[in-house]
Amino acid sequence: MQINKIKKNKDFAFIYNNSKKVYTRYAIIFIKENNKKEQRFGFVASKKTGKAVQRNRIKRLFREFVKLNKSKFKESSDYIFVGKSNLKENIKSLKYKDIEKDMLKAVK
């Protein structure tokens, strides 16, 4: 299943400044309704979350969660998943199930 991604810097900036935030154990999720009939997703992991390998793993876990649970997200909304810095210590032992359990609470 294809994920529509947010790619432009101005779109990220607009969503950051005009959205609702949901805090979970591993991420901050920015949610903004849009006028389009599509869901769009953005994935961010800053250098605070670790080196490139860890940042890419975090984004892969977030993308996998979205791919498998896309129907649970509201239509015509934009979502940005930002990895928290506490992932840095946990990333080696972190499993997909941990991310899924944490994020499902936020999606509801």
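For the structure itself, look to the data block above.
Criteria and cut-off values
- Residues numbered from 1 in each chain as written.
- Predicted model: local features only at pLDDT ≥ 70, side-chain atom pairs only at ≥ 80, totals over all residues.
- Heavy atoms only, no water.
- Helix = DSSP H or I, 4+ residues; strand = E, 2+ residues; numbered from the N terminus.
- Rg over C-alpha atoms; globule rule 2.2 N^0.38 Å.
- Buried < 20%, exposed > 50% of the residue type's maximum accessible area, 1.4 Å probe, protein only.
- Contact = heavy atoms within 4.5 Å.
- Salt bridge = Lys/Arg side-chain N within 4 Å of Asp/Glu carboxyl O.
- Pairing = 2+ DSSP bridges.
- Axes fitted to C-alpha atoms, helices over the stretch in contact; angles between N-to-C directions.

Asks: Tell me about the overall build of the protein, residues and numbers included.
Replies: What the protein contains, in helices and strands, is 4 helices and 4 strands. Put simply, the protein runs from its N terminus to its C terminus through helices and strands in the order α-β-β-β-α-β-α-α. Against the globule reference of 13 Å for 108 residues, the protein gives a C-alpha radius of gyration of 13 Å, in line with a compact fold. If you line up the protein on its principal axes, its C-alpha atoms span 40 × 25 × 25 Å. Relative to its 108 residues, the protein shows a buried fraction of 44%. For the protein, long-range pairs separated by at least 24 residues make up 77% of all intrachain contacts whose partners lie at least 6 apart in sequence.

Asks: An account of the pattern of salt bridges is needed here, citing residue identities and associated values.
Replies: Scanning the entire structure with this criterion turns up 4 salt bridges. Linking Arg 40 and Asp 11 is a salt bridge whose minimum nitrogen-to-oxygen distance equals 3.4 Å. Placement of the pair is Arg 40 in strand β3 (residues 40-44) and Asp 11 in helix α1 (residues 9-17), with a sequence separation of 29 residues. Here Lys 74 ties to Glu 33 by a salt bridge, and the two come within 2.6 Å at their closest N and O atoms. Of this pair, Lys 74 sits in the loop between α2 (52-68) and β4 (77-83) while Glu 33 sits in strand β2 (residues 27-33), placing them 41 residues apart in sequence. Its relative accessible area of 46% is what places Lys 74 among the partly exposed residues. Accessibility expressed as a relative area gives 47% for Glu 33, which makes it partly exposed.

Asks: Lay out the sheet that holds β3 in plain terms, naming residues and giving numbers.
Replies: Overall, mixed pairing links the 4 strands, which are arranged β1-β2-β4-β3 in an open sheet. At either end of the open sheet lies a strand with only one pairing partner, and these are β1 (20-23) and β3. In this sheet, neighbouring strand axes are inclined to one another by 20° on average, regardless of whether the strands run parallel or antiparallel. Bridge count for β1 against β2 is 4 bridges, and the pairing is antiparallel. Counterpart to Lys 21 in the pairing with β2 is Phe 30.

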